[in-house]
Amino acid sequence: MEITDNLLKTVIDKMTYAELLSRLRFAPLGDTIFQGEIGQYYKTVMKKRREELGDDEAAEISKRIGWKR
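This one's a predicted model, so the numbers in the text were calculated from it and none came from an experiment.

About the thresholds
- Residues numbered from 1 in each chain as written.
- Predicted model: local features only at pLDDT ≥ 70, side-chain atom pairs only at ≥ 80, totals over all residues.
- Heavy atoms only, no water.
- Buried < 20%, exposed > 50% of the residue type's maximum accessible area, 1.4 Å probe, protein only.
- Helix = DSSP H or I, 4+ residues; strand = E, 2+ residues; numbered from the N terminus.
- Arc of directions from axis to C-beta.
- Contact = heavy atoms within 4.5 Å.
- Axes fitted to C-alpha atoms, helices over the stretch in contact; angles between N-to-C directions.
- Parallel < 35°, antiparallel > 145°, perpendicular 65-115°, else oblique.
- Left-handed = near helix turned anticlockwise from the far one by under 90°.
- Nonpolar A, V, L, I, M, F, W, Y, C, P; charged D, E, K, R; others polar.
- Salt bridge = Lys/Arg side-chain N within 4 Å of Asp/Glu carboxyl O.
- Core = buried A, V, L, I, M, F, W, Y, C linked by side-chain atoms within 4.5 Å.

**Student:** Account for helix α4 (residues 55–65), naming residues and giving values.
**Tutor:** Those residues of α4 that fall on the buried side of the exposure criterion are A58, I61, S62 and I65. Down the axis of α4, the sector holding all buried residues measures 100°, keeping them to one side. In α4, the exposed positions that point more than 90 degrees away from the buried face belong to D56, K63 and R64. Lining the buried residues of α4 we find α2 (17–26) and α3 (36–53). Directly beyond the C-terminal end of α4, a positive phi value near 70° is found at G66.

So this is what it looks like as structure tokens:
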């Protein structure tokens, strides 16, 4: 199966803020989901999810995820 932009957008749309943030922090260098049009879409969706949560909840999620795998 070919991975298309539409498929990636569907995957991104289903991700929670925690999943988006975790992917951003721990993805391998050069992950294609952060490049080009899809990268911009990822950024837009992540920003929207964060705004929906508010600062306190977003900070709690960030602390739970941490910086080490």
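**Student:** Lay out the packing of α2 against α4 in plain terms, naming residues and giving numbers.
**Tutor:** It is the contact of α2 with α4, at a shortest axis distance of 10 Å, that shows an interaxial angle of 50°. With respect to α4, the axis of α2 lies oblique. Between α2 and α4 lies a crossing whose hand is right-handed. The segment α2 lies against α4, with Y17, A18, L21, S22, R25 and F26 engaging A58, I61, S62 and I65. For the contact of α2 with α4, a count of residues per class yields seven nonpolar, two polar and one charged.

**Student:** Give a detailed account of the pattern of salt bridges, specifying residues and quantitative values.
**Tutor:** What the rule picks out here adds up to five salt bridges. Taking the shortest distance from any N to any O, the salt bridge between E37 and K9 comes out at 3.1 Å. Placement of E37 in helix α3 and of K9 in helix α1 (residues 5–14) is noted, with a sequence separation of 28 residues between them. Take K9: its relative accessible area is 21%, and that puts it in the partly exposed class.

**Student:** An account of the nonpolar core is requested, with residue identities and associated values reported.
**Tutor:** Grouped together as the largest cluster of nonpolar side chains are 15 residues, with contacts concentrated most on I12, Y17, L20, I33, Y42 and M46. Looking at this core, the elements that each hand over two or more residues are α1, α2, α3 and α4. Apart from residues no more than four positions distant in its own chain, I12 is found in contact with L20, I33, I38, Y41, Y42, V45 and R49.

By themselves these figures say nothing about function.
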